[in-house]
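Analysis of the macromolecular model
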Amino acid sequence: KLIETRMIYSLDLQKHDYPRFSVRKAELSDTSNLKRVAREMRNPYDRFHADPIFSEKQGDEFLATYVEESIKGLADIVIVPSGEGVKPDAFLTGKYLKQDWSEIGVNASKMILSAVSGDTCRGWYIKLISELAYHFRNEGADYTFLHPASTNRAVIYSYEKLGCKLGQTSHVFSITL
């Protein structure tokens, strides 16, 4: 069964020039809130919710645990919105991948997992992507890559609005024996 079609987009960080927004690094005190956001902002087409081997609750808990472990150090950076009147009800995780730069021949970092509350942080997804792009550039990366599911049109629109280019697609399959 086809579970998910993944697309790999890249962004040339030297050309990135989007307006700036106020973000901060997630703190341990943000963990329970960000776990809630990860559970509530479910994408029924992501690989953990589309695969029949996982229940909806298991998919939700996997993503909640992933953001928790990312804050604890699994990710190199987790950012959230900040500023007066803005709730930290959105996040984006990233890996610098600096240890791989010489082997792959390019300074590229990866944006991994995000969730944005549609109730309190509408419009923040593109802002988080843009700000993490600036952060990666400040860390020495020349490119970032992102991997949306092909069914997530809003995310793909955001990437293309920022100047990201589609480079590759792949498929995730599941076999039940």
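Notes on the structure follow.

Rules of the game
- Residues numbered from 1 in each chain as written.
- Predicted model: local features only at pLDDT ≥ 70, side-chain atom pairs only at ≥ 80, totals over all residues.
- Heavy atoms only, no water.
- Pairing = 2+ DSSP bridges.
- Helix = DSSP H or I, 4+ residues; strand = E, 2+ residues; numbered from the N terminus.
- Axes fitted to C-alpha atoms, helices over the stretch in contact; angles between N-to-C directions.
- Contact = heavy atoms within 4.5 Å.
- Buried < 20%, exposed > 50% of the residue type's maximum accessible area, 1.4 Å probe, protein only.
- Arc of directions from axis to C-beta.

Points about the sheet that holds strand β5 (residues 108-116)
Ordered in space as β2-β3-β4-β5-β6-β1-β7, the seven strands form an open sheet in which the pairing is mixed. For this open sheet the edge positions go to β2 (23-25) and β7 (165-173), each flanked by a neighbour on one side alone. Here the average twist between neighbouring strands, direction ignored, is 25°. As judged from the three bridges shared by β5 and strand β6 (residues 143-146), these two strands associate in the parallel manner. The residue of β6 that forms the bridge with K110 is F145. Across the sheet, helix α3 (residues 56-74) is in contact with β3 (77-81), β4 (90-95) and β5; its angle to β4 comes to roughly 60°. Where helix α6 (residues 153-162) meets the sheet, it contacts β1 (2-12) and β6, and its direction lies at approximately 15° from that of β1.

Quick look at α6
Those residues of α6 lying buried are V155, I156, S158, Y159 and L162. All buried residues of α6 project into a common sector of 160° when viewed along the axis, lining one side. In α6, the exposed positions angled more than 90 degrees off the buried face are occupied by R153, A154 and Y157. G163 sits one or two positions beyond α6 and adopts a positive phi of about 100°.

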